[in-house]
Amino acid sequence: MPELPEVETVRRTLNELVGGKRIERVTVTLPRIIQRPAEPEAFAAALAGHTIQTVERRGKFLRILLDGLVLVSHLRMEGRYGVYRQDEPVELHTHVRFRFDDGTELRYKDVRQFGTMHLFAPGEDLANAPLNKLGLEPLDDAFTLQAFKREVAHRTTKIKPLLLNQAHIVGLGNIYVDEALFTAGIHPERAADTLKAPDWARLYDAIRATLGRAVDAGGSSIKSYVNGQGEMGMFQHQLLIYGREDGACTRCGGTIVKTVVGGRGTHTCPACQPLPGNRLKAKVKPRAK
Ligand SMILES: [Zn+2]
């Protein structure tokens, strides 16, 4: 599933590719992608004649701002956008096509068919589902250490599921939570309210740094994520812990373990991320060479 850095990469790419283009006609071939309005015909009719001004992002949702409309799009598992000439063959699993008046069109392709699109009047989208219940934006200036702690530090929940909860912080998925917790040296099963001030400072820095590096690298290409221009993101080569179970920890040489935390596959170095009260168990033997 694309996470914040991937969606940010798609946003930037889409903004370059379709910003300023005027929609002539919209074709929906899989009605269930369109969540609002209820009728895909109404969706298509509303968009005709409107010009895309810019593409923004809220959490993992794209906000395509048009003159007088906002299209909110979530890629979910496998959704992808691409810009094509109108005479290019339409690939399988293409469900929505936005035909522009310059001979090109934006195509939305989604093998798993879990993606969604909602259409709103300007100003309505942020006040309504699905955007109205979203938490802090971790790359915004408003996401300070104080704001972060105010939102989560008093909670008794395990830190990993807490960071994954989009109602508190948006855009952090399984990959980047594992990376940030490893970087900060915090065990994913620690209850949030047991973290001390230095833990919060390290975790805050780790979240910003991990997401920032990933955005710079164009997101990860775990599974089949490809950004809007068809280029694979490069961040998977920089992952420190995610997907590296049974490998050696880059920091201490110990063995990375994979467990399940809150129903999600979780990668931890037991030595670098000790669970307080569990220090004996957390000790790892040096790997035999
Ligand atoms: Zn380690």
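Quick notes on the rules
Residues numbered from 1 in each chain as written. Predicted model: local features only at pLDDT ≥ 70, side-chain atom pairs only at ≥ 80, totals over all residues. UniProt positions renumbered as here; feature names shortened; annotations may be inferred. Helix = DSSP H or I, 4+ residues; strand = E, 2+ residues; numbered from the N terminus. Buried ≥ 20, exposed ≤ 12 C-beta atoms within 10 Å, placed from the backbone. Contact = placed C-beta atoms within 7 Å. Pairing = 2+ DSSP bridges. Axes fitted to C-alpha atoms, helices over the stretch in contact; angles between N-to-C directions. pLDDT = per-residue confidence, 0-100. Expected span 1.5 Å × (residues − 1).

The name recorded for the chain in an unreviewed UniProt entry is Formamidopyrimidine-DNA glycosylase, from Paenibacillus artemisiicola. Listed in UniProt under the heading Sequence similarities (unreviewed entry), the comment for the chain reads: "Belongs to the FPG family." Note on the chain: under the UniProt heading Subunit (unreviewed entry), the record states "Monomer."

Enquirer: Let's hear about the overall build of the chain: which residues, and what values?
Expert: A tally of regular secondary structure across the chain gives seven helices and eleven strands. The buried share among the 289 residues of the chain stands at 39%. In the chain, once contacts between residues fewer than 6 apart in sequence are set aside, the share between residues at least 24 apart is 61%.

Enquirer: So what's going on with the environment of alanine 45? Residues and values would help.
Expert: Tracing the backbone through its elements, the reader meets alanine 45 in helix α2 (residues 40-47). The class for alanine 45 is partly exposed, based on 13 C-beta atoms found within 10 Å. Distance from alanine 45 to arginine 25, taken between C-alpha atoms, is 7.8 Å for residues 20 residues apart in sequence.

Enquirer: Help me get a handle on the sheet that holds strand β1 (residues 23-28), residues and values and all.
Expert: An order of β1-β7-β8-β6 is seen for the four strands of this open sheet, with the pairing classed as antiparallel. Looking at which strands have only one partner, the edges of the open sheet turn out to be β1 and β6 (80-85). For this sheet, the mean inter-axis angle between neighbouring strands, taken without regard to orientation, is 20°. Judged from the five bridges that link them, strand β7 (residues 94-100) and strand β8 (residues 104-109) form a sheet pairing that is antiparallel. For arginine 97, the partnering residue across the bridge sits in β8 and is arginine 107.

Enquirer: Provide a residue-level description of the pairing of strand β5 (residues 69-74), including the pertinent values.
Expert: Of all six residues in β5, five are buried, a share of seventy percent or more. Here strand β4 (residues 61-66) folds back onto β5 in antiparallel fashion, the turn holding two residues, of which glycine 68 has a positive phi close to 90°. Inspection of the sheet shows β5 paired to strand β9 (residues 116-120) by five bridges, in the antiparallel sense. Bridging from a neighbouring strand, valine 72 pairs with histidine 118 of β9.

Enquirer: Requested: an account of the sheet that holds β5, with residues and values cited.
Expert: Ordered by their spatial adjacency, five strands build an open sheet running β2-β9-β5-β4-β3, and the pairing between neighbours is mixed. On the outer flanks of this sheet lie β2 (34-36) and β3 (52-58), each paired with one strand and no other. Neighbour-to-neighbour, the strand axes of this sheet turn through a mean angle of 25°, independent of strand direction. Two elements, β3 and β4, share six bridges in a ladder whose sense is antiparallel. Looking across to β4, one finds that arginine 58 is bridged to phenylalanine 61. In the packing of helix α1 (residues 4-18) onto the sheet, contacts are made with β3 and β4, and the angle to β3 comes to roughly 175°.

Enquirer: Tell me about the confidence of the model for the chain, and please be specific about residues and values.
Expert: Considering every residue of the chain, the mean pLDDT works out to 89; 89% of them sit at 70 or more. Low confidence marks residues 221-234, where pLDDT is under 50. Its contacts with residues over four positions away, or in another chain, come to 38 contacts. Counting interchain partners and residues more than four positions distant, the pLDDT-below-50 stretch residues 279-283 has five contacts.

Enquirer: Explain the UniProt feature "active site" (unreviewed entry) in the chain to me, and be specific about the residues and the numbers.
Expert: Residues annotated by UniProt as "active site" (unreviewed entry) correspond here to Pro2, Glu3, Lys60 and Arg264. Counting through the fold element by element, proline 2 comes out in the segment before α1. Mapping glutamate 3 onto the fold places it in the segment before α1. Among residues more than four places away in sequence, those in contact with glutamate 3 are Lys60, Gly171, Gly173, Ile175 and Tyr176.

Enquirer: Pulling in residues and values, what's your account of the UniProt feature "domain: FPG-type" (unreviewed entry) in the chain?
Expert: Feature annotation in UniProt assigns "domain: FPG-type" (unreviewed entry) to the following positions: residues 240-274. Here residues 240-274 is 0% helix and 29% strand, with 17 Å between the C-alpha atoms at its ends.

Enquirer: Lay out the environment of glycine 135 with the relevant residues and their values.
Expert: Within the fold, glycine 135 resides in the loop between β9 and α3 (145-152). Distance in space between the C-alpha atoms of glycine 135 and histidine 168 is 4.3 Å, their sequence separation being 33 residues. Setting aside residues up to four positions removed in sequence, glycine 135 forms contacts with Glu151, Gln166, Ala167, His168, Ile169 and Val170.

Enquirer: I'd love a proper account of α1, names of residues and values included.
Expert: Here α1 is 15 residues long and its end C-alpha atoms lie 20 Å apart, about the 21 Å a rise of 1.5 Å per residue gives. Of all 15 residues that make up α1, twelve are buried, and the element is covered over most of its length. Of the positions making up α1, those classed as buried are Leu4, Pro5, Glu6, Val7, Glu8, Thr9, Val10, Arg11, Thr13, Leu14, Asn15 and Val18. Packed against the buried residues of α1 are β3, β4, β6, β8 and α6 (197-217). Glycine 20 sits one or two positions beyond α1 and adopts a positive phi of about 90°.

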